[in-house]
Amino acid sequence: MGSDMMLSARSRGTASSRKYQEGSSFDLTFHDLNYTVGKGENAKQILHQISGSFKSGHLSAIMGPSGAGKTSLMNILAGLKKGGIEGRVDVNGAERKFKTFRKQSAYITQKDHLLQNLTVDEYMTSAAHLKMGNNASEKEKKLTVSQLVFILSRFGLDSSSSLQCVTLLRDIARSGRTVVATIHQPSSRLLELFDHLYIVAGGSCMYQGPIQSLVPYLKTMNLNCPSHHNPTDFAIDVASGEYGDVLSKLVDGVENGKRIYQENSPSTSALPSIREDLGLNEEDENDAMLDGHSKKKDRKAKNKDRIMYGAPFHYQVAILLGRTWKTIWREKILTTMRFALHVCISILLGLVYWQIGEDANEIFNNSGMIFFSLIFILYVAMMPTFLTFTLEREVLVREHLNKWYSLKAYYLAKTLADIPFQIVFPTVYLIPVYVMSNQPMCIERFSMLLAITICMSLVGQGIGLFFGAAFDIPVASYFAPISCIPFLLVSGFMLKFKAIPPYLSWISYFSFLHYAFEGSMLAIYDRDRLPLNCSQPYCHFRYPQKFLEEFDLILNSYFLSIVGMLACFLVIRLAGYFALLFKLRHVR
Ligand SMILES: Nc1ncnc2c1ncn2[C@@H]1O[C@H](COP(=O)(O)OP(=O)(O)OP(=O)(O)O)[C@@H](O)[C@H]1O
């Protein structure tokens, strides 16, 4: 049955245990909506001057043939779509304010995305913390979660589950919420649970009214539903054109959603003026439109997060951090494999470059080994990040749009949660290869090289996050690794800095690989390193300073290399943040 579903906030003060739920009941009306996708010759109009109304306390169903425009309409009503739309969506008779609307409503899509590795109880507890914030006690949150788990646990996976699910939705609607769900092929028994039916066909409304009035309405157009035939199946057949070209007549009959059909009334009834219908006075309206008026505006300016989200910023970060940690920790196979990969490659490299660190004749091989290590760390931080993040992004979109938390809180928690891994993995990698390849046994040099390696890991993870935020897996998996190539070319390892053409050399200032190569060479060979061992009559690079001169590194500073890498890290992180922001604003 149902696919997408939207729920509004409940009525005021219906139960003390739910006092955290702010907002009032709201009726949702939409007027003359046109929705067009694409531009110019490719433009396609999906919704045509469609109107309608969904009332609080009612369970409403949107139905229609495949491709009729149900999902598009739901996305617009939920506030997920903003572009290509003409017309108006009103809440309690006043134009909808997106920010408050999103807080007051929840949108659940058929393809719901959840974080793996969290139990239902953990997921709901984190949701309760985020949505209820400090306004509810721990006890209230636990009670709410256990009540919901109890209700949901009654569903099995058999055919009656859809009936139970709709019964639950109806109960939710009866508590004062506006519940709208799109449904496909409901049974007659299931349909009886709905209060209001809205049928879309070809981007227009062909019926709006009570379920029981559908058959009489079709009859007025000489469309007689055969006895024992499911009325909605019949209506869908009609909408699909199986009973001739009657769609325009049906659309006119309800004025494309402007009128609600009522059986036994001489004609269809016009949508009432929402303000009159609800008997709203000024005070009510102020309450309903949380951000509309002066008193609340002041409070809002003081603490935007408190108004927009259930929990304050630091609380959101703490909950998200805990949740992310749990999921990473439970990704045992991936985490163990990553750990093992770092150790194995490190030992392999140590064996290949066994004891070359003090040998003047091996200086190029040694620098190559260090540079390779940096590239390895870059890629092993980048690849899993964009692969996992492209999947997690859908969870973020759903939860953020349902106002569980702000993007800033999510991004900060995500960054903080990963930092321990970006420290542990490079350390685990560096120790064996450092010892086996016989690098200088000096804690200062090791720490300097480790700091560069950790920065590289952070940068790699940032690049992964950026591509995971901006693109889907096929594009990200292709472009993320390739994006590093220009920076690799100007790193100073492939080509000495002086040999880089002047019109390209500026790229090296943005190249984290340039800073990484420079910093790592200075860590190993600068600071008055003693002459290297020379097993032959003449070793050109017996004195490490000569090697640094050869690579134009002699005047460079390790400190600036670290600063350069941190700057690259910050820029990439910001780019990832803005990519996510863009995605959230242009979702679907
Ligand atoms: N971004 C888009 N670009 C091009 N066409 C689109 C886009 N979004 C929707 N459509 C088209 O608009 C029409 C309505 O789509 P929509 O998903 O709203 O229908 P629907 O009634 O929900 O269909 P279904 O029941 O099959 O999910 C379909 O023909 C669909 O292919």
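Reading the values: the criteria
- Residues numbered from 1 in each chain as written.
- Predicted model: local features only at pLDDT ≥ 70, side-chain atom pairs only at ≥ 80, totals over all residues.
- Helix = DSSP H or I, 4+ residues; strand = E, 2+ residues; numbered from the N terminus.
- Buried ≥ 20, exposed ≤ 12 C-beta atoms within 10 Å, placed from the backbone.
- Contact = placed C-beta atoms within 7 Å.
- Axes fitted to C-alpha atoms, helices over the stretch in contact; angles between N-to-C directions.
- Parallel < 35°, antiparallel > 145°, perpendicular 65-115°, else oblique.
- Left-handed = near helix turned anticlockwise from the far one by under 90°.
- Core = buried A, V, L, I, M, F, W, Y, C linked by C-beta atoms within 7 Å.
- Pairing = 2+ DSSP bridges.
- UniProt positions renumbered as here; feature names shortened; annotations may be inferred.
- Near = placed C-beta within 6 Å.
- Nonpolar A, V, L, I, M, F, W, Y, C, P; charged D, E, K, R; others polar.
- Domains from an automatic or database assignment.
- Expected span 1.5 Å × (residues − 1).

## Section: the overall build of the protein chain
Looking only at helices and strands, the protein chain features 24 helices and twelve strands. Of all 588 residues assigned to the protein chain, the portion counted as buried reaches 39%. Across the protein chain, the fraction of contacts at a sequence separation of at least 24, relative to all contacts at a separation of at least 6, is 75%.

## Quick look at the packing of helix 16 (residues 363-401) against helix 18 (residues 443-470)
Their axes nearest at 7 Å, the elements helix 16 and helix 18 cross at an angle of 30°. When the axis of helix 16 is compared with that of helix 18, the two are roughly parallel. Crossing geometry of helix 16 relative to helix 18 is assigned as right-handed. Where helix 16 approaches helix 18, its residues Leu-374, Ile-377, Leu-378, Tyr-379, Ala-381, Met-382, Met-383, Thr-385, Phe-386, Phe-389, Thr-390 and Arg-393 are matched on the opposing element by Thr-453, Met-456, Ser-457, Val-459, Gly-460, Gln-461, Ile-463, Gly-464, Leu-465, Phe-467, Gly-468 and Ala-469.

## Here we look at the nonpolar core
Counting 80 residues, the largest nonpolar core has Val-459 and Ala-516 as the members making the most contacts within it. Counting residues per element, this core draws most heavily on helix 18, at 14 residues. In contact with Val-459, other than residues within four places in its own chain, are Leu-378, Phe-512, Met-565, Cys-568, Phe-569 and Ile-572. Of all hydrophobic cores here, the second largest spans 50 residues; its members include Leu-28, Leu-77, Tyr-198 and Tyr-261.

## Considerations on the sheet that holds strand 6 (residues 94-95)
Taking strand neighbours across the sheet as the criterion, the four strands line up as 3-2-5-6 in an open arrangement whose pairing is antiparallel. The sheet is open, and its two borders are formed by strand 3 (44-54) and strand 6, each paired with just one other strand. Where strand 2 (residues 28-37) meets strand 5 (residues 85-91), six bridges bridge the pair, whose relative direction is antiparallel. Its bridge partner being in strand 5, Phe-30 is matched across the sheet by Val-89.

## Some points on the UniProt feature "transmembrane region" (unreviewed entry) in the protein chain
Here, the residues flagged by UniProt with the feature "transmembrane region" (unreviewed entry) are residues 337-356, 368-391, 411-436, 448-469, 475-495, 507-525 and 558-582. Span residues 337-356 is 80% helix and 0% strand, its end C-alpha atoms 29 Å apart. Measuring from the first to the last C-alpha atom of residues 448-469 gives 32 Å, for a span that is 100% helix and 0% strand.

## Focus on the site of the ligand
All residues in the neighbourhood of the ligand are listed as Val-37, Lys-44, Ile-46, Gly-64, Ser-66, Gly-67, Ala-68, Gly-69, Lys-70, Thr-71 and Ser-72. Listing elements by their share of the shell around the ligand, those giving two or more residues are strand 3 and helix 1 (70-77). It is helix 1 that contributes the most residues to the shell around the ligand, three residues altogether. Along the lines of polarity and charge, the residues of the shell around the ligand split into three nonpolar, six polar and two charged.

## A word on the domain arrangement of the protein chain
Along its sequence, the protein chain is organised into domain 1 (5-110 + 161-287) and domain 2 (318-585). Centre-to-centre, using C-alpha coordinates, domain 1 lies 53 Å away from domain 2.

## Some details on helix 22 (residues 512-525)
Residues spaced three or four apart along an α-helix point in a common direction, a consequence of the helix completing one turn every 3.6 residues. Taking 1.5 Å per residue, 14 residues should reach 20 Å; helix 22 reaches 20 Å between its end C-alpha atoms and fits that length. Among the 14 residues of helix 22, 14 are classified as buried, and the element is accordingly described as predominantly covered. Phi turns positive, to about 60°, at Arg-527, one or two residues after helix 22.

## Description of the pairing of strand 9 (residues 196-201)
Successive residues of a regular strand alternate their side chains across the two faces of the sheet. The buried count for strand 9 comes to six of six residues, which makes it a mostly enclosed element. Here strand 9 shows two buried faces, one formed by His-196, Tyr-198 and Val-200 and the other by Leu-197, Ile-199 and Ala-201. Where strand 9 hands over to strand 10 (residues 204-209), the hairpin turn is made up of two residues, of which Gly-202 adopts a positive phi near 55°.

## Quick word on the environment of Ala-61
Structurally, Ala-61 is set in strand 4 (residues 59-63). C-beta crowding within 10 Å serves as the criterion here: with 25 such atoms nearby, Ala-61 is assigned to the buried category. For Ala-61, the residues in contact, after removing those within four places along its chain, are Ala-181, Ile-183, Phe-194, Leu-197 and Tyr-198.

## Here's the deal with the environment of Tyr-503
Tracing the backbone through its elements, the reader meets Tyr-503 in helix 21 (residues 502-505). Overall, Tyr-503 belongs to the exposed group, with 7 C-beta atoms counted inside 10 Å. Taking C-alpha positions, Tyr-503 is 29 Å from Leu-458, a pair spaced 45 residues apart along the chain.

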